[in-house]
Amino acid sequence: MKKKILHIIKKKNKSKIVSLTAYSKNVASILDNYCDIILVGDSLGSVLYNYKSTREVSLDMMIEHSKSVRMGIKKSLMVVDMPYNTYRNSKEALKNAKKIISKTKCDAVKLEGGKKIYNSIQTLVKNKIPVMGHLGLLPQSDKTFKFKGKKKSERENILKDAKLLERAGVFSIVLECVETSLAKHVTKQINIPTIGIGASNNCDGQILVFDDLIGLNPINARFVKKYLNIHKQIKKAVSNYSKEVRKAQFPSKKYSY
Ligand code: KIV
């Protein structure tokens, strides 16, 4: 059954929400059976294109990758990141969100930030565009990548922003790199699900970048658990292929016409 926004919201306090990123059809089709939400994250800028920051990711890049991902999804809710500088005001946010939805047929968009983007989020929601929020570490605007919640002011702002986003109508909020007790507190204080990445198991769900989970992306962040060392397996396969080609063992008769 195709997952809807309401299914995700109803999971709060009942069962954990499973989410992963995907940037292409083949990966999305594998993840689809196991995920509630598949996010086409703008992390693709650093993971696939080696950009220094997600700010370099364009709307067209997000749309092309999302079109590919769409083909691989049957059941999961598909969310697409709105890239940097595509939602600076309500008008711009609405125009670009409409473009993303019409070209990719995704179910929702994700925007980073709190108070500053309140009006943009409200406009999207009023126009029946489902929105996922994103608080804590904000890769599109933060200069340093440190976890959030050490300072009292940071804690107060994140809680305030979470309540504000709920009021604006988002259906869930990603909490990125948020200190454990703060993630727990925020999750308790709002009625929509929180989805953590580096934000402890106190959130209503979890998300990871798929390439990190399989060990393809050489990242060593504390919050990343590598469930597979695909790097090692690819090396072995390519090394075998290389040896067989050099010895003219591949292609054998079986692989020839
Ligand atoms: O861009 C992304 O992949 C994300 C997740 C890390 C939440 O925003």
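Remember, predicted model here, so these are calculated numbers, not experimental data.

About the cut-offs
Residues numbered from 1 in each chain as written. Predicted model: local features only at pLDDT ≥ 70, side-chain atom pairs only at ≥ 80, totals over all residues. Heavy atoms only, no water. Domains from an automatic or database assignment. Near = heavy atom within 4 Å. Polar contact = N/O pair within 3.5 Å; in protein donor to acceptor, adjacent residues only side chain to side chain. Areas by Shrake-Rupley, 256 points an atom, 1.4 Å probe, with all protein chains shown as cover. Nonpolar A, V, L, I, M, F, W, Y, C, P; charged D, E, K, R; others polar. Helix = DSSP H or I, 4+ residues; strand = E, 2+ residues; numbered from the N terminus. Buried < 20%, exposed > 50% of the residue type's maximum accessible area, 1.4 Å probe, protein only. Contact = heavy atoms within 4.5 Å. Axes fitted to C-alpha atoms, helices over the stretch in contact; angles between N-to-C directions. Parallel < 35°, antiparallel > 145°, perpendicular 65-115°, else oblique. Left-handed = near helix turned anticlockwise from the far one by under 90°.

## Concerning the domain arrangement of the protein
One frequent convention defines the size of an interface as the accessible area lost when the parts assemble.
Alright, step 1. Domain boundaries assigned for the protein yield domain 1 (3-226) and domain 2 (229-257).
Alright, step 2. Domain 1 and domain 2 are separated by 39 Å when their C-alpha centres are compared.

## What to know about the site of the ligand
Alright, step 1. Taken together, the neighbourhood of the ligand is formed by Thr-21, Leu-39, Gly-41, Asp-42, Ser-43, Asp-81, Lys-110, His-134, Val-174, Ile-197, Ile-207 and Val-209.
Alright, step 2. At a separation of 3.1 Å, an oxygen atom of the ligand approaches a polar side-chain atom of Asp-81.
Alright, step 3. Isolated, the ligand exposes 260 Å² of accessible area, and the fraction of that covered by the protein chains is 95%.
Alright, step 4. Taken together, the residues that form the shell around the ligand break down as five nonpolar, four polar and three charged.

## Considerations on the side chain of Asn-96
Alright, step 1. Examined against the element boundaries, Asn-96 turns out to sit in helix α5 (residues 90-104).
Alright, step 2. In this structure Asn-96 comes out as buried when scored by relative accessible area, which is 10%.
Alright, step 3. Here Asn-96 is in contact with Leu-59, Met-82 and Thr-86, once residues within four sequence places are set aside.

## Overview of the packing of helix α7 (residues 152-168) against helix α8 (residues 180-189)
Alright, step 1. With their axes 10 Å apart at the nearest point, α7 and α8 run at an angle of 25 degrees to one another. In terms of axis orientation, α7 runs roughly parallel to α8. Remark: the crossing between α7 and α8 carries right-handed chirality. For the pair formed by α7 and α8, the contact residues are Arg-155, Ile-158, Leu-159, Ala-162 and Lys-163 on the first element and Ser-181, Leu-182, His-185, Val-186 and Gln-189 on the second.
Alright, step 2. Each residue belonging to the contact of α7 with α8 can be placed in one class, and the counts come to five nonpolar, three polar and two charged.

## Things to note about the environment of Ser-66
Alright, step 1. Residue position: Ser-66 is located in helix α4 (residues 59-72).
Alright, step 2. Owing to a relative accessible area of 0%, Ser-66 belongs among the buried residues under this scheme.
Alright, step 3. Placed 144 residues apart in sequence, Ser-66 and Phe-210 show a C-alpha to C-alpha distance of 15 Å.
Alright, step 4. Not counting residues up to four positions away in its chain, the partners in contact with Ser-66 are Val-40, Met-78, Val-80 and Thr-104.

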